[in-house]
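Descriptive structure summary
One letter stands for each residue in the lines below.
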Amino acid sequence: LQGPAHGLCHDADGEGMGEPRFYLLSKDSTETFGFCLHEELGCQGHIIRQVELGGLAQRRGLQDGDRLLQVNGHFVDHMDHRTVVQKIKASGNQVLLAVLDGGSYEAAKALGRDLSQMLPADIRPRLCHITRDKSGFGFSVSGPEGVKGTFQLSVRQDGPAERAGVPPGSWLLELNGASVRSYSHAQLARKVRGPGAGGWGSGASNVTEHPVSPIQLKQSGNKVTLLVASSAVEEFYRLRGLRITAALADTSWLPFKVRELHMVKGPAGYGFLLKEDDCISGAIGQFLWDVDAGLPAEQAGMKEGDRLLAVNGESIEGLDHQQTVLRIRAHDDQVTLLVIDPAGDEFYQSVGFGDPAWSHP
């Protein structure tokens, strides 16, 4: 993806009405996604242009003139163009796009159709962080005998798993940030069962009981993080040959939240220092320290050690320290920062989520 561009619209009206198409683009850090997103005079929508010959977007099937409807399950047609570009950039090296061909888009708009109604209601897996109670985690597992990697969850009513957002009958995809595709039922049981009886929780389970060693107990303890997909979501990806990953997940059920801090500068400034340091992942990050009591930063909810994710709605991923400082100072008297505390930052890194900034609504 490159930056926003502007031009004159020259799409012809299409015949008939096509269906939205979905593309999962996965690249390495040296590549681009291989297209530009345009905003064009006299033309509605966010338009796919300059699809690079032989590039990732073209290989997956994106076409010049397609209109972008959804980014990682978020409907974007109504959003400001720059915000949509930032959502794609903040997604890192993997993004799921829903597009509609230009002719169908123009026809739908002319008919006054609600484009969001053309898309499935929910195509996002869930990240769920479960803390066990005295009777276990509150879910049990079943699946075809002798088949690896296929695990369906039964969820105890009002148990820890249900409270953490695990849908009944959902499919387990990842455990503590690792894919379960190669696990047998016995291996999965050893990784999840905690100390004492009933590690899975109540309910029938086809998982074979095995002794649990201290090393295996350490892997889960009293908390476990699951990436799960409802049957409808799992079917959506399977029918399209797409792989579900944590980067696409709905994080609203997690206890770890990004926070938005809006500050108006006072006579003594905002009252914090920005320092560059190593992140848990090994990358360089920008951290907030020396938060002065009673000044705007503290009043807005800033905490020592928060990591800065975005400034005025734009991710700072890829910016150095000086560029970040300049962005904060771009508006003389006020700024909005998106931050995450150390515990949340460590959690997102542990499950391979990448930049948590885009999970913010």
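Remember, predicted model here, so these are calculated numbers, not experimental data.

Glancing now at the packing of aromatic side chains. For the structure shown, the criterion picks out 6 aromatic pairs. Between Phe 22 and Phe 236 the ring centres are 4.7 Å apart and the planes differ by 90°, which places this aromatic pair in the edge-to-face class. You can see Phe 22 sitting in strand E2 (residues 21-26) and its partner Phe 236 sitting in helix H7 (residues 231-239), a full 214 residues away along the chain. The same class applies to Phe 22 as to Phe 236, namely buried. Their ring planes at 20° and their centres at 4.5 Å tell us that Phe 256 and Phe 347 sit as a pair that is stacked. Taken together, the residues Phe 256 in the loop between H7 and strand E14 (259-264) and Phe 347 in helix H10 (residues 342-350) connect sequence positions 91 residues apart. Ring-pair connections join several aromatic residues into one group, and the members of that group are Phe 22, Phe 236 and Tyr 237. Cation over ring: Lys 27 sits above Phe 33, and NZ or CZ is 5.2 Å from the ring centre.

Let's shift gears to the nonpolar core. The biggest cluster of nonpolar side chains holds 34 residues, and the ones touching the most others in it are Leu 96, Leu 115, Leu 127 and Tyr 237. Elements that contribute at least two residues to this core include exactly E2, strand E7 (94-100), helix H3 (102-110), strand E13 (223-229), H7, strand E17 (307-311), strand E19 (334-340) and H10. Contact partners of Tyr 237, with chain neighbours within four places excluded, come to Leu 96, Ile 123, Arg 124, Pro 125, Leu 242, Arg 243, Ile 244 and Leu 248. Counting residues in hydrophobic clusters, the runner-up holds 20 residues, among them Leu 153, Val 166, Leu 172 and Leu 175.

A full pass over the atoms with the stated rule returns 12 salt bridges. The salt bridge partner of Glu 314 is Arg 82, with a shortest N-O separation of 2.8 Å. Of this pair, Glu 314 sits in strand E18 (residues 314-315) while Arg 82 sits in helix H2 (residues 81-90); the two residues are 232 residues apart in sequence, bridging distant segments of the chain. Asp 133 is paired through a salt bridge with Arg 156; the nearest N and O atoms lie 3.2 Å apart. Placement of the pair is Asp 133 in the loop between strand E8 (126-131) and strand E9 (139-142) and Arg 156 in the loop between strand E10 (152-155) and helix H4 (160-163), with a sequence separation of 23 residues. Each of Glu 40, Arg 49 and Asp 64 takes part in one network of salt bridges that share partners.

Bringing the pairing of strand E11 (residues 171-175) into the picture now. When you tally the buried positions in E11, you get 4 out of 5 residues, the bulk of the element. Pairing analysis gives 4 bridges linking E11 to E13, with the strands arranged antiparallel. Bridging across to E13, Leu 175 finds its partner in Leu 226. Of the strand pairs in this sheet, E11 and strand E12 (residues 178-179) are connected by 2 bridges, and their pairing is antiparallel. Following the sheet pairing, Leu 175 is matched in E12 by Ala 178. The antiparallel hairpin formed by E11 and E12 contains 2 residues in its connecting segment, where Asn 176 sits at a positive phi of about 50°.

Rules of the game
Sequence order as written defines residue numbering, which begins from 1 separately in each chain. Restriction of local features to residues with pLDDT of at least 70 applies here, the model being predicted, together with a cutoff of 80 or more for giving and counting side-chain atom pairs; totals for whole chains, interfaces and linings are based on all residues. With hydrogens and water set aside, each side-chain value is computed from the structure's full complement of heavy atoms. Ring geometry is summarised as follows: Phe, Tyr and Trp rings, the Trp one being its six-membered ring, pair when their centres sit within 6.5 Å, and such pairs are stacked at plane angles under 30 degrees, edge-to-face over 60 and tilted between the two. Secondary structure elements are taken from DSSP: a helix is a run of H or I of four residues or more, a strand is a run of E of two residues or more, and numbering for both begins at the N terminus. Categorising residues by exposure relies on relative accessible area from a 1.4 Å probe, with only protein chains included: less than 20% of the type maximum marks a residue as buried, more than 50% marks it as exposed, and the intermediate range marks it as partly exposed. A ring is scored as having a charge over it whenever the NZ atom of a lysine or the CZ atom of an arginine sits within 6 Å of its centre and within 35 degrees of its normal. As used in this record, nonpolar core signifies buried Ala, Val, Leu, Ile, Met, Phe, Trp, Tyr and Cys residues forming a set joined through side-chain atoms within 4.5 Å. Throughout, a residue-residue contact means that at least one pair of heavy atoms, one from each residue, lies within 4.5 Å. The rule for a salt bridge is simple: a side-chain nitrogen of Lys or Arg has to be within 4 Å of a carboxyl oxygen of Asp or Glu. Paired strands, as defined in this entry, are two strands with at least two bridges between them according to DSSP.

Shape descriptors only; they carry no functional weight alone.
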